[in-house]
Structure formats: C-alpha cells, structure tokens
Amino acid sequence: MVTAVTKEQNAEAAKAVVENLSSRFSDAGVVAEVIAHTSGKAYDFVRITCSPDQWRGVAKHLKNEVGVNYCAMVTGTHFPEGGADRGWEVAYHMYRWPIANVAAHTMTVLEGDKLKGDEIPVEFEIFIPLPAGDTPSVPSIQDIWEGADWNEKETWDLVGIDFEGHVNMHRVLNPHDSPVAFHPLQRQHKIRYHDFNEMYDDPQGFGRKPVDEGRVK
Amino acid sequence: MAEMWITMGPQHPMTHGLWTLRVKVDGETVTDTEAELGYIHRGVEKICEARDFTQITPYCDRLCYVSAMTWAHSYVMAAEDLLEAEVPERAEYIRLMAAEVQRLASHLMWLGAFGPDIGNLTLMTWCLRDREMFLDLLQELGGSRMHYNYPRIGGVKRDIPIGWGNRLKAKVKLFEHRINEYEMLLDESTIWLVRLQGVGYATAEDQLNAGVTGPNIRAAGVNTDTRWTNPYSVYDQVDWEPAVEKPTSVKGADCYDRYRVRMEEMRQSCRMLLDAIDKIPGGANTHYQPGDEMILTKAPTRAPEGATGFSTYECTRGVSNFYIQGGGDGRGKNPYRLSIRSPMFITIPYVAKTMIGYKIADIPAIMGSFDPCIGETDR
Amino acid sequence: MSDTGENYTTFNSRALVEVVGDVTDEALKATKIKQLLSVLAGRFFNWAGRKSLFTLHLGIKCCAIEMAAAATPRFDGDRFGVLFRSSPRQSDVLLVNGPISKKFADPIVRLWEQMPEPKYCIAMGECAISGGPYYQSYNILEGVDTLIPVDVYIPGCPPRPETLIDGFGKLREKIIRIGGAPSTGRDGEKPIIVGDD
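So, here's what we can say about the structure. Keep in mind it's a predicted model, so treat the numbers as computed, not measured.

1. Focus on the overall build of chain C
A count of helices and strands for chain C gives 6 helices and 6 strands. A globule of 197 residues ought to have a C-alpha radius of gyration of about 16 Å, yet chain C, at 21 Å, is considerably larger. If one aligns the C-alpha atoms of chain C with their principal axes, the spans along those axes are about 70 × 35 × 35 Å. For chain C, with 197 residues in total, the buried portion stands at 39%.

See the structure below:
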C-alpha cells in the first residue's frame, strides 16, 4: 500500500516555501501566499503574483533554491475588460517533485510520509498580469525549464503573448500559413455561429416578452 | 554522404494518430527530427468558453479518446475546485474504479497498437479482444463504448448496476491470467527483445525537466506518481503500488522498460479494482437511483469572476491538468478560460529528440513505447 | 523512327501493336463480342471490387479506434473483405474518421487524388459528416463533403463497429448500382445515410 503525502506535510512544506520567497522577494513587490484547493482533499498550494520584470529572477530562484523541477502549464488569457494593468495574464503551473537520477538496475521507491523538508511535493501557481495593449510580452523561461518550451509556443500561437528571448518560436497548432497576428483565443475572435448559443440560452422562450417579438434572442 | 529529410505522415502505418514526423537521415541513421502537430486542432479551449460547465464533459471525453474516462474525471475535478462542490465517497470509489478500468483498456489499446508497430500482429487481435471485456464494463456505466460522459460535477451520473461488481471481479481475475499470456508471448521472443532493448534511452531527471511524466518516468526507476504526490479521490485508501521499473542503463530507461512498466501498471490496476470493489461504501450490490445523495451532490452551476479551479490528475499517459477561470459570459455560466495541459504535447517533441542517433527502423519502437495519443495533443 | 506521320513500311513495334489493336477492336465491336465482354468483365470487376474493399489506413480521431475495433476478433471486418492498406495507391475506400482541420484539408485531398478509380469515400462519425461537436471551431471544416464527394454517411459519435460494417454493406449495395462510375460523376446519386431506413 503506497503512502500518500499527508495534509500536514503539504501544509508545512507550502508554508516553508512561502517564507523562503517572502524573505527574498517581498520588498520587490512579489506576493507569495498559501491557498487551499476548494474541493476534494483540499491540499495547499503556493500562489505567486509578480510582474514581468521580476519573473526571471523569481523563476531562477524557484529552480535553484526552492527546487521546482517540473514546469507543467503556461496559460495566457486576454482580458479586454480587465483594466489598464490587467489586460492580459500569463499563469504558470509548476511542481516540485522528488526525483532521483537512478543508476542502472536500481530503483528508488519514495514513500509519501517519509519525505522531509525539500523533498515534499508542492504545487505552484504563478500569475503575471500584463498591462492592456496590443503587445503583451513576458520573458521566456525556455532555458530554465525545458518543459516550458512548447507550452510557450502554444501560448503565443493561440493567445498572442510574446515571450522575449524564446528561441525558434513557431506556430504549433494553427496552420503555418495562418495570417500573421491571428491568435484565435483573443476575445475579439468569435466562434462560428456564436449567435446560436445566445439563442439556446432560453430554448423554450420562458423569458420572452411581447417586446421581444422578432428578436433572435 | 548526402542527408535528406523524409516526411513520415500525416497518413502513415504507425498507428498512433495524425501527425508528421520529419526525419533527417544519413543512410539509415536519424540525424535530426522535427515533429509537426496540429492536424486535428479543434480549438476546444475556445469552444468551451461558450459552453456550460456540464456541457464541457463530453468535450473532455474526446480529448484523449483512448482514455476518455480519465480525462472527464480530470476536468470534473477542476470544475469542482472552481465551483466548490463536494463529492460523496461512494462516487469517489466509482470514479476510481471507472478510471482504473479505463486505464486497463487504454494500456491494452497501446499494446495492441505497439505490437503491430514492431511487427507482432497477433498482439493487436489479442489485446483488442481483451479490451472489449473492459469496454463492456464501461458501457454498462456510461452507455457507450467510448465517450461515456459519465462523471458529473459533484459525483457520477448513475450508480453501478447490480452485478457489475461480480462481472468486474470475474473479468479482472481472467485478465490477470491473460497478462501472463502476453508476457509469455513477448518476453521470450528474440525479435521483441532485440527491437526494444537498447533503444530510446531517457533518464528520469531529464524527462521531468522536459515535462514528461507518467509511466515514462516510472520506467526510469523512480515512482513519481500524482496519485500519491498530489493525492486525489480515494487512491490513498485502496491497496496499490505505483509500478516502477529498473532502468537498464545509466543512460536511462529503454523501450523495453517502458513496455514492462505498463504491463506492471495493468497488474496494479487489477489489484486496485479488486480492492476497491470490496471497500465501496454502501456495498457493490446496492443500486442507488441517479441523483441520490450517495452518488451525486448538487453542485452550483455558476462560478464568480476571479475564481479559479485547477486539477492534477494522473492520466494514462502522464499528468494532465485543467485550469479553469470562472466568470465567463458575464453571468458565470461558462468558463472565462479553460486551459488544458496534455502530457503528450510535451512528450512528442521530447521523443523526437530521443530518436536522434538510432536507425529508421527504431522510430516506431521509440515512438510507440512512449504511447502517443494525438487527440489530447492537438486540443 | 518516323515523326512525320504514318510510315507503314517501318516495322516499329509500337506502331504494329497499335495497328493490330485497332483492327481487333473494330472486329469485336462489329460482332458485338466487345459489348458482351465488357458487360461480363464489368460484372466480374464489380463483384470482385465490392467483395474486397481495401480501405486506406488513415486514423484521424476517435472513430479510428472504432474502425480498429471493427477489425478485431469480436466484430471482424475482415470476413467482409475489408482490409487496411497503407498506401492510397492500393486502396479503394477512403474512410474519413474524424474532423478535417484546415491543416489537414490539403493532405486529405491529396490522398483522395492519389487513389485510383473506382474509389469511394465513407464519412464516418459526426465530425466527418458536418464538423460534429466542433462545428463552431475556427479550425475545423464543416464536414469532409466540402472537399471530397462522399458516398456513404455513417452517423454516430462514435458509431459502433457494427454500424461501420453496416456502412460497408450499404456501400456494397451502392457499388452494385453504380459500379465503376468515376467519383466525379456521381452527383446524381442520393447520399446514403446509414440508419436512414
């Protein structure tokens, strides 16, 4: 029977990470906090909010001092109504997992409750709000974690956020001959037949009034 | 010697989906590769911004179609995190059993596609025949052989039918003998061993840095598995071990190790299923009506702006994440942004790099051993 | 070799074959043997073709798994002669089993053009018929029949393997009717939708 990481271990590890980050970065304006998931086992994770200029410093610290070894996800979002300082946002999800570089013909079986200190897995969520405008850009972390490479390509391809310093940026999901500056997940692009969804919002028409006569919705 | 680029795909006899692999060959040796994806990019993330939360579950089934139940479960976990819904314990057990049956079916589909890549066509018929046993079980739950739309936000759609538990036990016990049959066919076959051993080395640390997870890492000698590092559902209450395999060399795990780790994972899934069906609260032979509070709690349908939900899930091919931002459509009925992290999207470029230095004939072996599924790659 | 026109005194083997061929052709036409032979040959090729529909090994999306399942021992499409070939040059049927994205539109038309006549196209699953659940997507075409003339539509998401085998049966019935008509000349045919009766 495998032993899972307990809630106490997880809470203690998350707190230690937040202390580490706060002592290093809090006067630069980087916010690090422990948040709990709101369902299931309700484990804690670390949420960091920083600005694009601080991102590379924070990222290198996470990799070298905190031991984050897995960059899972890079998500870009477009907020046309977000205001002047949150027109776009990039969310990174990363993990610190205990991993061992294993010799031939051996294996390492890690047990959840025997992990201590830096080995306890922690989940990270990093938000980087970007100012509104037409050219959102974030420094690339392609050289820090290799897992960020294709994630950043996809985020640029679909959302249009530039990653400064990213080597060999190209379209990965959209066709190569898509129009330049066509990034479908931006909010001004609507899906085909987007009026249909408004139509189906109230299919039996219970909310319709005589004044709605002749309207699609 | 003149080098040339050869395009393999998008239509190719390798059975793993629609993508192009361009290889630069010097004679028979591969010197460079380039993977091209996006042939079935459907824009699911954009479409889901115009769907209710319950309407998104069928889309998640169709992401990785070989392993639909696990992807729907992963999405539903993220939606529950967003909408702050609780799940009753019986529903968690049912979800665990459905996910593990799906894991068995998915690994059988993998083996049934991997065998023909190496040249062993017998495996396709045997594995797909055995996979039908498990698809029948999932059909009783979800109504269809693939794309079940079974997990609901707050529980499951309907309870396990009466007798499902007995059928599950009988099939799992039969299948454990069948795994022995497969190993008897393959582990003593010289061709199988020669084609798989010594090919496609990858170490665990390298893979994790590149973002590769799942059985591929466990083949390299360490039992990193989300089911115990970031526990969810009732995996900490059933009897199982992550399947780990000792890598053959300091250079890492080869294709043979990745094949062996999946066989071991199938055994562990069988073990989990036999344990879970005995431990399920309420018993395996009671049937609750759909919507009963033992299997489903009513979940809110709207998420306020600023709420986020995130799930970490061990899918059959790696770790899958869903990141949902609430507050779409001004009223919170739709997600503002749904982002999907597919393990194979990162693995395929990594594998393309692993192939450099081997022969053309090793390409299906290496690619097949990492178990690609293009549906989840090109969302 | 004379390029100034016919010079029947030069016994060029190509010219000889042409002459003999023309003469034989005229003789067969005059005695109506040619008509009989083409009817018999046509019927024979039609029978052989519909009993051995070689399908292109193309797996786009989920319906490809059901296509693979239809070839496995439980459903066994092989007993109907349905075999999967890797090269379009050697296949009769293009079974489209997934949505066609803008990137794949060009390759699939190229695959269709590479297939020799007589060739048939089956649209399997909702995505191939009309775009399916992705009809609103920015990257998916609304059905493969925007590119290729489709002979049989098999609805379902995904259709069960038995439905796919039934679809091949409906295609066989259609082949009895239209035989070797080229794929561009089938506009007058009503599309066959499995389950429509």
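2. A short note on unusual backbone geometry
Residues and elements named next belong to chain C. Here the residue pair E117 and P118 is connected by a cis peptide bond, since its omega of -10° sits within 30 degrees of zero. With respect to the helices and strands, P118 occurs in the loop between helix 4 (102–114) and strand 4 (120–124). Each neighbour pair has its own omega, and for C157 with P158 the value is -10°, a cis peptide bond. Mapped onto the elements, P158 comes out in the loop between strand 5 (152–154) and helix 6 (161–178).

3. A closer look at the sheet that holds strand 4 (residues 88–96) of chain A
Residue and element names in this part refer to chain A. Reading across the sheet, the 5 strands line up as 1-2-5-4-3 and stay open at both edges, with mixed pairing between neighbours. Bordering the open sheet on either side are strand 1 (31–36) and strand 3 (70–78), each of which pairs with just one other strand. Taking each pair of neighbouring strands and ignoring which way they run, the sheet shows an average axis angle of 20°. Pairing of strand 2 (residues 44–49) with strand 5 (residues 122–130) involves 4 bridges; the strand directions are parallel. Looking at the pairing, T49 lines up with F127 of strand 5.

4. A word on the packing of helix 2 (residues 53–61) of chain B against helix 3 (residues 68–83) of chain B
Residue and element names in this part refer to chain B. Two elements in contact, helix 2 and helix 3, have axes whose closest approach is 8 Å; the angle formed by their N-to-C orientations is 150°. Judged by the inter-axis angle, helix 2 sits roughly antiparallel to helix 3. When the axes of helix 2 and helix 3 are compared, the crossing they make is right-handed. Facing F53, I56, T57, C60 and D61 of helix 2, the residues of helix 3 in contact are A68, W71, A72, Y75, V76, A79 and L83. Per-class residue counts for the contact of helix 2 with helix 3 are 10 nonpolar, 1 polar and 1 charged.

5. Some details on the nonpolar core
In this structure, V96, I122, A123 and M124 of chain C are the most contacted members of the largest nonpolar core, which totals 234 residues. Examining the composition of this core, we find that 17 residues originate from one element, helix 4 (residues 89–118) of chain B, more than from any other. Those residues within four positions of V96 of chain C in sequence are excluded, and the remaining contacts are I60, C121, I122, A123, M124, A128 and V144 of chain C.

6. Re helix 3 of chain B
Note on helix geometry: an α-helix contains 3.6 residues per turn, so any two residues three or four positions apart are oriented the same way. Between its terminal C-alpha atoms helix 3 of chain B stretches 22 Å, which fits the 22 Å expected from 16 residues at 1.5 Å a residue. Phi for E84 of chain B, located one or two positions after helix 3 of chain B, is positive at around 55°.

7. Some words on the interface of chain A and chain B
Between chain A and chain B, the contact holds 49 residues from the first and 56 residues from the second. Mapped by element, the contributors of at least two residues to the side of chain A that touches chain B are strand 3, strand 4, strand 5 and helix 4 (194–199) of chain A. By residue number, the principal contributor to the side of chain A that touches chain B is strand 3 of chain A, which donates 6 residues. Class assignment of the residues belonging to the side of chain A that touches chain B gives a composition of 28 nonpolar, 17 polar and 4 charged.

Parameters at a glance
Residues numbered from 1 in each chain as written. Chains lettered and ligands numbered in written order. Predicted model: local features only at pLDDT ≥ 70, side-chain atom pairs only at ≥ 80, totals over all residues. Helix = DSSP H or I, 4+ residues; strand = E, 2+ residues; numbered from the N terminus. Rg over C-alpha atoms; globule rule 2.2 N^0.38 Å. Buried ≥ 20, exposed ≤ 12 C-beta atoms within 10 Å, placed from the backbone. Pairing = 2+ DSSP bridges. Axes fitted to C-alpha atoms, helices over the stretch in contact; angles between N-to-C directions. Parallel < 35°, antiparallel > 145°, perpendicular 65-115°, else oblique. Left-handed = near helix turned anticlockwise from the far one by under 90°. Contact = placed C-beta atoms within 7 Å. Nonpolar A, V, L, I, M, F, W, Y, C, P; charged D, E, K, R; others polar. Core = buried A, V, L, I, M, F, W, Y, C linked by C-beta atoms within 7 Å. Expected span 1.5 Å × (residues − 1).

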